Amino acid sequence: MADILLEGRNLTMLYPVRRGLFQGLIGMVRAVDNVSFSIERGKTLSLVGESGAGKTTTAKSVLLLERATSGSVYFEGKDIYQYNKDQLKREYRPRVQAVQQNPWSSMNPRMRVKDIVAEPLVVNAKQSKKENYDRVVELLDQVGLKAEHAEHFPHEFSGGQRQRIAVARALALNPSLVVLDEPVSALDVSIRAQIMNLLKDLQEAHNLSYLVIAHNLATVRYMSHGVAIMYLGQIVEYGDTEDLFENPLHPYTNALISASDLKLPEDRDQNEKEIILSGEMPSPLNPPTGCRFHTRCPEARPECSKIEPEMVTVGKHQVKCHKFV
Amino acid sequence: MEYLRDINEAKIEKRMELRRKFSRLMLIIPVVILALLILSAIFAPLLAPYSPTEIAMTERLQPPSFLKGGSPKHFLGTDSLGRDVFSRIIYGARISLSFSLIVIFITGTVGTILGIISGYFGGRLDSFIMRFTDVALSIPAILIAIILAVGLGPSFKTIVIASSILGWSGYARVIRGEAMRLREVDFVAQARIIGSSRMRIMIKHIFPNVINPLIIIATMMVGLMIIIEATLSYLGAGIPPPNPSWGAMVNDGRNYLETAWWISFFPGFCIGLVVLSCNYLGDWIRDKLDPRLRRL
Ligand SMILES: Nc1ncnc2c1ncn2[C@@H]1O[C@H](COP(=O)(O)OP(=O)(O)OP(=O)(O)O)[C@@H](O)[C@H]1O
Ligand SMILES: [Mg+2]
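Residues numbered from 1 in each chain as written. Chains lettered and ligands numbered in written order. Predicted model: local features only at pLDDT ≥ 70, side-chain atom pairs only at ≥ 80, totals over all residues. Heavy atoms only, no water.

Asker: Would you mind going over the overall build of chain B in detail, with residue names and values included?
Answerer: Each helix and strand in chain B was counted, giving eleven helices and zero strands. Since a compact globule built from 296 residues should have a radius of gyration of about 19 Å, the 24 Å found for chain B marks it as more spread out than a globular shape. If you line up chain B on its principal axes, its C-alpha atoms span 75 × 70 × 30 Å. Per-residue burial for chain B yields a buried fraction of 45% across its 296 residues. Long-range contacts, defined here as pairs at least 24 residues apart, represent 71% of the contacts in chain B between residues at least 6 apart. Approximately 16000 Å² of chain B is accessible, and the part contributed by carbon and sulfur atoms is 69%. Averaging the locations of the 31 positively and 20 negatively charged side chains of chain B gives two centres separated by 5 Å. (Helix = DSSP H or I, 4+ residues; strand = E, 2+ residues; numbered from the N terminus. Rg over C-alpha atoms; globule rule 2.2 N^0.38 Å. Buried < 20%, exposed > 50% of the residue type's maximum accessible area, 1.4 Å probe, protein only. Contact = heavy atoms within 4.5 Å. Areas by Shrake-Rupley, 256 points an atom, 1.4 Å probe, with all protein chains shown as cover. Lys, Arg positive; Asp, Glu negative; His and termini not counted. Charge placed at Lys NZ, Arg CZ, Asp CG, Glu CD.)

Asker: Go over the overall build of chain A, please, and point to the residues and values.
Answerer: If you tally the helices and strands in chain A, you get nine helices and twelve strands. Its C-alpha radius of gyration of 21 Å places chain A within 12% of the 20 Å reference for a compact globule of 325 residues. C-alpha atoms of chain A, sized along the principal axes, occupy 70 × 55 × 50 Å. Looking at the 325 residues of chain A, the share that counts as buried comes to 52%.

Asker: Describe the environment of Ile-165 of chain A, with residues and values.
Answerer: Residue and element names in this part refer to chain A. Within the secondary structure, Ile-165 is located in helix α5 (residues 159–171). With 26 residues separating them in the primary sequence, Ile-165 and Leu-139 have C-alpha atoms 8.8 Å apart. Among residues more than four places away in sequence, those in contact with Ile-165 are Met-107, Val-113, Ile-116, Val-117, Leu-145 and Phe-157.

Asker: Just give me the short version of the site of ligand 1, but keep the residues and values in it.
Answerer: Residues and elements named next belong to chain A. The immediate surroundings of ligand 1 are formed by Tyr-15, Ala-31, Glu-50, Ser-51, Gly-52, Ala-53, Gly-54, Lys-55, Thr-56, Thr-57, His-215 and Pro-284. In this structure, an oxygen atom belonging to ligand 1 sits 3.1 Å away from a main-chain N or O atom of Ala-53. For ligand 1, an oxygen atom lies 2.9 Å from a polar atom in the backbone of Lys-55. Ranked by the residues each element gives to the shell around ligand 1, the list is headed by helix α1 (residues 55–63), at three residues. (Near = heavy atom within 4 Å. Polar contact = N/O pair within 3.5 Å; in protein donor to acceptor, adjacent residues only side chain to side chain.)

Asker: Give a description of the interface of chain B and chain A that names residues and reports values.
Answerer: Taken together, the contacts link 22 residues of chain B with 28 residues of chain A. The junction of chain B with chain A conceals about 2300 Å² of combined surface from both sides, 51% of it contributed by carbon and sulfur atoms. Three residues, Gln-190, Ile-193 and Ile-194 of chain B, lead the burial of chain B against chain A; their summed loss comes to 30% of the area buried on that side. Inspection of the region where chain B meets chain A yields one salt bridge. Here Glu-119 of chain A and Arg-200 of chain B are joined by a salt bridge, their closest N and O atoms 3.0 Å apart. Secondary structure elements with two or more residues in the side of chain B that touches chain A: α7 (186–194) and α8 (198–206) of chain B. Counting residues per element, the side of chain B that touches chain A draws most heavily on α7 of chain B, at seven residues. Split by residue class, the side of chain B that touches chain A holds eight nonpolar, six polar and eight charged. (Buried area = accessible area lost by both parts, 1.4 Å probe. Salt bridge = Lys/Arg side-chain N within 4 Å of Asp/Glu carboxyl O. Nonpolar A, V, L, I, M, F, W, Y, C, P; charged D, E, K, R; others polar.)

Asker: How would you summarise the sheet that holds strand β3 (residues 44–48) of chain A if you had to cite specific residues and measurements?
Answerer: Residues and elements named next belong to chain A. As summarised here, the arrangement of the eight strands in space is β6-β7-β8-β3-β9-β10-β12-β11, forming an open sheet in which the pairing is mixed. Taken across any chain shown, the strands that pair with only one partner, and hence form the sheet edges, are β6 (96–99) and β11 (312–314). Averaged over all pairs of adjacent strands, the angle between strand axes in this sheet comes to 20 degrees, irrespective of strand direction. Judged from the four bridges that link them, β3 and strand β9 (residues 226–231) form a sheet pairing that is parallel. Across the sheet, the residue bridging to Val-48 is Ile-229, located in β9. Lying on the sheet, α5 is in contact with β6 and β7 (177–181); it crosses β6 at an angle near 175 degrees. (Pairing = 2+ DSSP bridges. Axes fitted to C-alpha atoms, helices over the stretch in contact; angles between N-to-C directions.)

Asker: A description of the pattern of salt bridges should follow, citing residues and the corresponding values.
Answerer: Residue and element names in this part refer to chain A. Across all of its chains, the model carries 27 salt bridges over all chains by this definition. Of the charged contacts in the structure, one is a salt bridge between Asp-134 and Lys-130, with a shortest N-O distance of 2.9 Å. Remark: Lys-130 and Asp-134 occur in helix α4 (residues 129–142); sequence separation between them is four residues, near one turn of the helix. The exposure class assigned to Lys-130 is exposed, which follows from its relative accessible area of 56%. Between Arg-135 and Glu-138 there is a salt bridge whose closest N-O contact spans 3.5 Å. Separated by three residues within a single helix, Arg-135 and Glu-138 lie in helix α4, roughly one turn from each other. A relative accessible area of 42% means that Glu-138 is categorised as partly exposed. Through salt bridges with shared partners, one network takes in Asp-3, Arg-41, Glu-76 and Arg-95.

Asker: I'd love a proper account of the packing of aromatic side chains, names of residues and values included.
Answerer: Considering all chains together, one arrives at twelve aromatic pairs over all chains under this definition. Note on Phe-75 of chain A and Tyr-92 of chain A: the rings are 5.2 Å apart at their centroids and 85 degrees apart in plane angle, and the pair reads as edge-to-face. With Phe-75 of chain A in strand β4 (residues 70–75) and Tyr-92 of chain A in helix α2 (residues 85–92), this pair connects stretches of sequence that are 17 residues apart. Given a relative accessible area of 5%, Phe-75 of chain A falls into the buried group. Taking 5.2 Å as the distance between ring centres and 80 degrees as the angle between the ring planes, the aromatic pair formed by Phe-265 of chain B and Phe-266 of chain B counts as edge-to-face. (Phe/Tyr/Trp six-rings, centres within 6.5 Å; stacked < 30°, edge-to-face > 60°.)

Asker: Help me get a handle on the state of the cysteines, residues and values and all.
Answerer: Residues and elements named next belong to chain B. Throughout the structure, instances matching the rule amount to zero disulfides over all chains. Here Cys-278 is not disulfide-linked; the sulfur of Cys-270 is the nearest cysteine sulfur, at 13 Å. For Cys-278, a relative accessible area of 15% corresponds to the buried category. (Disulfide = S-S within 2.5 Å.)

Asker: Please set out the packing of helix α3 (residues 85–121) of chain B against helix α9 (residues 211–234) of chain B residue by residue, giving values where relevant.
Answerer: Residues and elements named next belong to chain B. For the pair α3 and α9, the least separation of the axes is 9 Å and the interaxial angle reads 135 degrees. Classified by the angle between their axes, α3 and α9 sit oblique to one another. Between α3 and α9 lies a crossing whose hand is right-handed. Touching Ile-95, Ser-96, Phe-99, Ser-100, Val-103, Ile-104, Gly-108 and Thr-112 of α3 are Leu-214, Ala-218, Met-221, Val-222, Met-225, Ile-226 and Glu-229, all from α9. Considering only residue class, the contact of α3 with α9 consists of ten nonpolar, four polar and one charged. (Parallel < 35°, antiparallel > 145°, perpendicular 65-115°, else oblique. Left-handed = near helix turned anticlockwise from the far one by under 90°.)

Right, here's the structure in full:
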């Protein structure tokens, strides 16, 4: 039995959409639609998909920045959506931290690094200033920064260094899970690998679980144990990383892998063509009927536009496509 | 080429050093001006050569001592009732400066608190506070002042209350906009993830980042407040006439601008000095508080 740390069960997030002079309600966006996933202790799950797929919204419902409209989040087997404010503050919030995508906006420009990194400690653990400071130095050391950096302001650092500071802050409370929303996409290509290695090392050292959000499949493959491919608010394929990359089932997954640079042209089989997705992603306000992907699917069949496929288990992973029903 | 770069860097460094010295020097001027004015307001009874209210009809409309026809007894001349302009300016600083500082402090504090709450919480509370703000912005302060003057009697307190009751609305409007913007910035989301309370977020994350507009509005208000005090007093809601304030003195001299310009000019000059000094000081404080600019 796997050691499940956090589980999202049937998460759905609806946003009202208002337009016009009187801000009339014209509909609901299903930003996240019946999404379920689980994260094992010490392991990484990645959410992958195009812009607008609902990745950040899923992460927000885990971080409780917004509550899902329906569905729930279970942490160590307990439904945290049932927790009251006090329980959340004591038992959940400190254990689930986050590193945001943009290291330029994720820190208050008027605070020093020592105050930024110590803030979780100040808010949650009532310790002396000295203890906090010692912990800050220790954390900075863990992320590869020096003690003297503590006195500086965020604007004095490069993007990569800032992301290290953000990681230090996320680790301050010894969390069990860290949500990483595109942790390297805002950084120079040359320093992405450093940060990814750092994150991997820290995961091993502290037995951390990660929920990673990413566009880039190379990042995902390198970092994660499990992958959930999202399209228009739904998970369309879900499984172990290696398994999913070796044996992608859903046409959308195939297209993503094909479009990424994971496979060099000379590695492709003679008869394997590059699949290029045509068209834009449809609006989540008005999603296609049946399978949501059918408007862009190279293998669409007549039933695809009528009936929404069920999630089925094929081999070691799950897929939501009529081909496998 | 290498040596060229070194020379340039050295030169630039030197220039920067000069600039820093210059800007420090430039800062001393407004600080000294404001300090002198505030000190003379505090120690007015010791400094003023004459009583500010004593009428001496025999000495009326005398030019300043350094002009032709000026008497050495009256450094800045006398007004239409023979009162010493210099003494009146020193006493006038008391009313003008304390009025502006008190009103700016009250309105700035109330406006900032309401603006942050309104912008950060949003929703119904925001609509509620903003409705009040719109009403406050649309009522003329003079109307309130006159009503209060009837109710409470004309006094310094009356005009402070009258100006403060509505004056916070300008701050609230601007600060609310900033707070709304900041609410969506990542570091506020991060603070929530960490578990910070709303109170803490407003104090530690929103407030320090709305200081810039706050300082800009507050320094802009200094001059306006001096003039408002004059207007309200002129209308009979404030300090009764013989007591001097700068705004009131400018007013008094209006009929003598051609024959005895000094009656209006010197208090007007003081208002200008205070406004300029405050603006300059405000810019400096703003830069000082901003870590991104602190090194410059
Ligand atoms: N507060 C909101 N109100 C209305 N619609 C929203 C809101 N937040 C997100 N959405 C919509 O929900 C959908 C999913 O958004 P989300 O930010 O989760 O996508 P994402 O997968 O993170 O995309 P990206 O890769 O661009 O970050 C989008 O269509 C977006 O427009
Ligand atoms: Mg996103």
